[in-house]
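Per-entry structural report
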Amino acid sequence: MTKATVSLQAINDVKEFVNIVMRYDFDIDLVSGRYAVDAKSIMGIFSLDLSKPIVLNAHTDDAEDFLKDIDKFLVK
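To start, this report covers the structure provided alongside it. The numbering scheme is per chain: residues are counted from 1 as the chain's sequence reads. With the structure being a predicted model, the display of local features is reserved for residues of pLDDT at least 70 and the display and counting of side-chain atom pairs for 80 or more, all residues being used for whole-chain, interface and lining totals. Hydrogens and water are ignored here; the side-chain numbers use all heavy atoms of the structure.

What follows concerns the sheet that holds strand β1 (residues 2-6). If you walk across this open sheet you meet the four strands as β1-β4-β2-β3, and the pairing is antiparallel. Looking at strand neighbours, the two that pair on one side only are β1 and β3 (35-38), the edges of this open sheet. Across the sheet, the axes of successive neighbouring strands diverge by a mean angle of 25°, strand direction being ignored. We call two strands paired when DSSP finds no fewer than two bridges between them. Strands are runs of DSSP state E lasting at least two residues, helices are runs of H or I lasting at least four, and both sets are numbered from the N terminus onward. Orientation is described by lines fitted to C-alpha atoms, with helices fitted over the stretch in contact, and by angles between N-to-C directions that extend from 0 to 180 degrees.

Right, here's the structure in full:
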């Protein structure tokens, strides 16, 4: 599993993020506090507190291309 932290500040960020995530066939979860949602679900993402960074769990060992694609959302 690959972990990262992402920040999704605006509605367009969420839409763009979901469009990227949908291209990958492995499971990707977003975790905020005690809530975990499917990163491919726009409604799920909007149920999270987007004012804080969100933990991303990608259930794959080969996430290099994925992390490059979402680079603009990563908290470094």
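Glancing now at the environment of Asn-57. Tracing the sequence through the fold places Asn-57 in strand β4 (residues 54-58). A 1.4 Å probe rolled over the protein chains alone gives each residue an accessible area, and that area as a share of the maximum for its type sets the label: buried under 20%, exposed over 50%, partly exposed in between. According to the relative accessible area criterion, Asn-57 is buried, its value standing at 11%. For the pair formed by Asn-57 and Thr-5, sequence separation is 52 residues and the distance between their alpha carbons is 8.7 Å. Here, residues are in contact when the closest pair of their heavy atoms is within 4.5 Å. Each residue touching Asn-57, except ones within four places of it in the same chain, is listed here: Met-1, Thr-2, Lys-3, Asp-27, Ile-28, Asp-29 and Val-31.

What follows covers helix α1 (residues 11-21). What sets the pattern is the α-helix's 3.6 residues per turn: residues three or four places apart point alike. When α1 is considered as a whole, its buried residues turn out to be Asp-13, Val-14, Phe-17, Val-18, Ile-20 and Val-21. Buried residues of α1, viewed axially, fall in a sector of 160°; they line one side. Those residues of α1 that are exposed and angled more than 90 degrees off the buried face are Ile-11, Asn-12 and Asn-19. Where α1 is buried, its residues touch β1, β2 (28-32), α2 (42-46), β4 and α3 (64-69). Think of it as the arc spanned by the lines of direction from the helix axis to the C-beta atoms.

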